[in-house]
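As a plain string of letters, each chain reads:
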Amino acid sequence: MRAATATSTEPGVPLFDLRLEAEDLEAVATALRAGSLAMGARTAAFERAFAAQLGCAHAVALSSATAALHLAYLAAGVGPGDEVVVPAYTFVATANAALYCGATPVFAEVVGEHDLGIDPAAVERALTSRTKAVAAVHFGGYAAAVDVLAELCATRGIALIEDAAHTPSATLGGRKLGTFGLAGAFSFFSNKVLSVGEGGLLATDSDEVAALARSLRSPAAGAGLNYRLDEPRAALLGSRLPRLEDDIARRRELVLEYRRRLAGLDGVTLPYRDEDVATSSCYVMPIMLARPEGRPELRRFLSARGIQTSILYPAIHEFTAYRERFPGVSLPRTEAAARAELTIPLFPHMTAAQQDRVVAALEEGLAQ
Amino acid sequence: MSTIEQDVAAVLDTLRSGWLTMGPQTQAFEAAFAERLGAPHAVAVSSGTAALQLAVLGAGAGPGDEVLIAGLAAADTVAAVGRSGAAAVACELEPDAPWGPDLADVARRISGPVRAIVVAHPYGAPVALGELRSLCDAHAIPLIEDCTEALGAEGVGRTGDLACFSLADDRQLSVGEGGVVTARGEQPASTVRALRSHAMTSVTWDRHRGHAESYDVLGIGFNFRLDEPRAALARSRLARLDDVVAVRRRAARDYAERLRAAGVLAPWPQALIDRASPLAFPVLLADAGARAAAETRLEAAARPTTRPRAALAGGQLTSASELAARLVSLPIPADEESAERIGAAVEALVGPSAA
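Residues numbered from 1 in each chain as written. Chains lettered and ligands numbered in written order. Predicted model: local features only at pLDDT ≥ 70, side-chain atom pairs only at ≥ 80, totals over all residues. Heavy atoms only, no water.

### Points about the overall build of chain B
Step number 1: A tally of helices and strands in chain B yields 14 helices and nine strands.
Step number 2: For chain B, the C-alpha radius of gyration of 21 Å lies close to 20 Å, the compact-globule estimate for 355 residues.
Step number 3: Its C-alpha atoms give chain B principal-axis dimensions of roughly 70 × 55 × 30 Å.
Step number 4: A buried classification covers 60% of the 355 residues belonging to chain B.
Step number 5: Put simply, of all contacts in chain B between residues at least 6 apart along the chain, 71% involve residues at least 24 apart.
Step number 6: Just so you have it, chain B exposes about 12,700 Å², and 52% of that area is on carbon and sulfur atoms.
Step number 7: Positive and negative side-chain charges in chain B, numbering 33 and 43 respectively, have mean positions lying 2 Å apart. (Helix = DSSP H or I, 4+ residues; strand = E, 2+ residues; numbered from the N terminus. Rg over C-alpha atoms; globule rule 2.2 N^0.38 Å. Buried < 20%, exposed > 50% of the residue type's maximum accessible area, 1.4 Å probe, protein only. Contact = heavy atoms within 4.5 Å. Areas by Shrake-Rupley, 256 points an atom, 1.4 Å probe, with all protein chains shown as cover. Lys, Arg positive; Asp, Glu negative; His and termini not counted. Charge placed at Lys NZ, Arg CZ, Asp CG, Glu CD.)

### Some words on the pattern of salt bridges
Residues and elements named next belong to chain B.
Step number 1: Scanning the model with the defined rule gives 39 salt bridges over all chains in all.
Step number 2: A salt bridge links R16 to D13; the shortest N-O distance between them is 2.9 Å. Of the two residues, R16 and D13 both sit in helix α1 (residues 3-17), three residues apart, roughly one turn of that helix.
Step number 3: R16 gets classed as partly exposed once you look at its relative accessible area, which sits at 45%. (Salt bridge = Lys/Arg side-chain N within 4 Å of Asp/Glu carboxyl O.)

### Here we look at the layout of surface pockets
Step number 1: Taken as a whole, the second largest pocket holds about 370 Å³ of empty space.
Step number 2: Around the second largest pocket sit 18 residues that line it, and L99(A), Y100(A), R83(B), S84(B) and F222(B) are the ones nearest its centre.
Step number 3: Among the secondary structure elements, those contributing two or more residues to the lining of the second largest pocket are α4 (93-100) of chain A together with α3 (48-58) of chain B.
Step number 4: Taken together, the residues of the lining of the second largest pocket break down into eleven nonpolar, five polar and two charged. (1 Å grid on protein atoms, 1.4 Å probe; cavity = no way out; pocket = protein on both sides within 12 Å on 5 of 7 lines; lining within 4 Å. Points joined across faces, edges and corners; volume = space filled by probe spheres on them. Nonpolar A, V, L, I, M, F, W, Y, C, P; charged D, E, K, R; others polar.)

### Section: the nonpolar core
Step number 1: In this structure, F50(A), Y73(A) and I287(A) are the most contacted members of the largest nonpolar core, which totals 176 residues.
Step number 2: Among the elements that make up this core, the one with the highest residue count is α3(B) (seven residues).
Step number 3: Leaving out residues up to four positions away in the same chain, Y73(A) has contacts with V78(A), V84(A), V86(A), T94(A), A97(A), A98(A), C101(A), A135(A) and I161(A).
Step number 4: Counting residues in hydrophobic clusters, the runner-up holds 35 residues, among them L323(B), V328(B), I332(B) and V346(B). (Core = buried A, V, L, I, M, F, W, Y, C linked by side-chain atoms within 4.5 Å.)

### Focus: the confidence of the model for chain B
Interpretation of this model should avoid reading the predicted coordinates in detail wherever pLDDT is low.
Residue and element names in this part refer to chain B.
Step number 1: Looking at chain B, the pLDDT average stands at 90 and 91% of residues meet or exceed 70.
Step number 2: Across residues 311-315, where pLDDT falls below 50, the model places four contacts with residues more than four positions away in sequence or in other chains.
Step number 3: Quick note on the complex model: pTM equals 0.96, ipTM equals 0.96. (pLDDT = per-residue confidence, 0-100.)

### Re the packing of aromatic side chains
Step number 1: Under the counting rule described, the total for this entry stands at 17 aromatic pairs over all chains.
Step number 2: Measuring from centroid to centroid gives 5.2 Å for Y255(B) and F281(B), while their planes differ by 25°, and the two rings are stacked. Of the two residues, Y255(B) is situated in helix α10 (residues 241-261) and F281(B) in strand β8 (residues 280-284); the sequence distance between them amounts to 26 residues.
Step number 3: Overall, F281(B) belongs to the buried group, its relative accessible area being 0%.
Step number 4: One aromatic cluster is present, built from ring pairs that chain together F46(A), F50(A), F186(A) and F188(A). (Phe/Tyr/Trp six-rings, centres within 6.5 Å; stacked < 30°, edge-to-face > 60°.)

### Some remarks on the side chain of R225(B)
Step number 1: You can see R225(B) is positioned in the loop between α8 (204-208) and α9 (228-238).
Step number 2: Since its relative accessible area comes to 9%, R225(B) is described here as buried.
Step number 3: Of note is the side chain of R225(B), whose polar atom sits 2.6 Å from the side chain of E198(A).
Step number 4: Filtering out sequence-adjacent residues up to four positions away, R225(B) remains in contact with F189(A), E198(A), T21(B), M22(B), V45(B), S46(B), R196(B), S197(B) and R230(B). (Polar contact = N/O pair within 3.5 Å; in protein donor to acceptor, adjacent residues only side chain to side chain.)

### Structural notes on empty space enclosed by the protein
In this approach, a probe sized like a water molecule rolls over the atoms, and the result shows the empty space that is left.
Step number 1: Tallied over the full model, the rule gives six cavities of 30 Å³ or more.
Step number 2: Along the wall of the second largest cavity there are 14 residues; nearest its centre are P232(A), R233(A), V11(B), P229(B) and R230(B).
Step number 3: Looking at the lining of the second largest cavity, the elements that each hand over two or more residues are α1 (22-33) and α8 (231-240) of chain A together with α1 and α9 of chain B.
Step number 4: Residue composition of the lining of the second largest cavity, by class: ten nonpolar, no polar and four charged.

### Some thoughts on the interface of chain B and chain A
Accessible area lost on assembly of the parts is the figure often given for the size of an interface.
Step number 1: Contacts between the two partners involve 49 residues from chain B, matched on the other side by 53 residues from chain A.
Step number 2: On inspection of chain B and its partner chain A, the count reaches three salt bridges.
Step number 3: Between E198(A) and R225(B) there is a salt bridge, and its shortest N-O distance comes to 2.6 Å.
Step number 4: At the surface where chain B touches chain A, the tally comes to 18 residue pairs in polar contact (both at pLDDT 80 or more).
Step number 5: Contributions of two or more residues to the side of chain B that touches chain A are made by α1, α4 (75-82), α8 and α9 of chain B.
Step number 6: Looking at which element gives the most residues to the side of chain B that touches chain A, the answer is α1(B), with eight residues.
Step number 7: Counted by class, the side of chain B that touches chain A contains 20 nonpolar, 15 polar and 14 charged residues.

So, in structure tokens, the structure goes:
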């Protein structure tokens, strides 16, 4: 992120910054020099390595997490007339993938501002005879209640799909997220914990699901889909994967430091608990503002001090495309969280000085 | 610097920049591609398959509509068109290479539900589109050129309202996986651009530069984005496309000569080869039996033929299915030292009886 937009004289603190190592560049260069760039040995090797770190039987490399969600829903048997229960507090792909299958996304509430995972009680209320799958998003790297949901889904004969876009390596009860349901959908988008540019992956223990995903990702299957990854991207992912745990460890240190310093700050609450950080992949640092109406002004204030922020997420049911198709959806907890959330900078090589600047600017901005 | 090292440098510089999606490299590639094709708009996407789906949607077709498939199309094209929700309806072909559309049949099939016409340039040979263009204009139906096999062929992509290109691994310009949609009009271009990235009103790059506070989602889109390293690679390779096409034309001429010498009918006339960007070299065999035997020999010689043609649903086709039953396509070696491989492919095709 060399093109930061700080208006101060100091260089800005970006929301996210990517730093690759020499060995990563060499891996990509070697893949390019090999000639054929189509999915091959490097892709297969990365798939094996990712499955091993996750502890699942199969990993299928794909073009995006959106593709992984689409194939996961198809593998769950989702088709026209069916319903998929999804949170609205997520990236739009979680719901769009249901529409690709001809199905209807049915939105369920989050637990609350302290836990932005889908509420199992709300999921249970949303189930109908047409429900084929439930999608849980591990927001920001923190586990949704997939242990509870796995039991609920098993009882009702419904597939649980984990949107694990934020959690390449995080756990719940000692078990990796993305392995609780029929399939887990992972993202390697450019700002993710393990990033490549555009890329994704479907993880599953089911031989049938893996075979379906492997077939459908190629246009040769006749489904009109090309969801393949390629060798240069697989090479970059394969090179970065061994450093994933170190990157996440550093993210956890930074998040704990943020939490120590922001805990007593007036006007801000922090979702999740300090003890959740140790098992989170800490994709982003979300804070919840007591005065949501002051958010645009606070963001301008931070931006003027070179601090880049974002909003994760605008609620899906409030988007124009969804209001038109599914009017009248009311999710008070989701809407409150979506208005209150502010994402502040976090990346593994963030310095203490950068973190100081973010905290100081927040303190100043909130005091105004 | 050798050509591959130029490519490597372009990709590594992009990786070092730390910005990996939908940024300055993608914009620069799109601008270079648009200029090369003489198109007002170019939108880089994740694959040729995605390009076709987006182009059909960009042309305004969707569920309940029909899209005519004019000329010899690959099965993949038909499936990609189907992803838009529109029904693909096949049209009869001209009997001779490059197997463009039977215009009288296309005209007969134009009716109320037809919202777009897709025409392919099979194996990289350009199909003449003047009359089809007039037909489309007379009925106010958008024309989409499927150039996913034909990047670099003379004139392709310059007649349609939209055109689709593939940057897949076996193509004239490969980045691994990738594609492009070009468009003449602002409206289809903006539709394709929006749907490539979930119909979001701003992309990460805009928000990164502080140009957008948040975003709305205005339609049901996809993740069909290309990323920055592939865009950088594509731009590096686009500058050498003419050289690649020249090598491929030489290989096609070599095939034509050797096949003529072996008494095999090579359907591409010399004049067509001179304007083509050959992806594969089509050969017409006497019947389905001869084709099956030749394919077996080619497979055994590790010369896999290209993908199936025109496997359209509903058994609507007559000329295309007859043609597809007799067609094999031989691989075009993309490097200078191709003579030996071309010879081996011809030998495998012709079989021991003629050897």
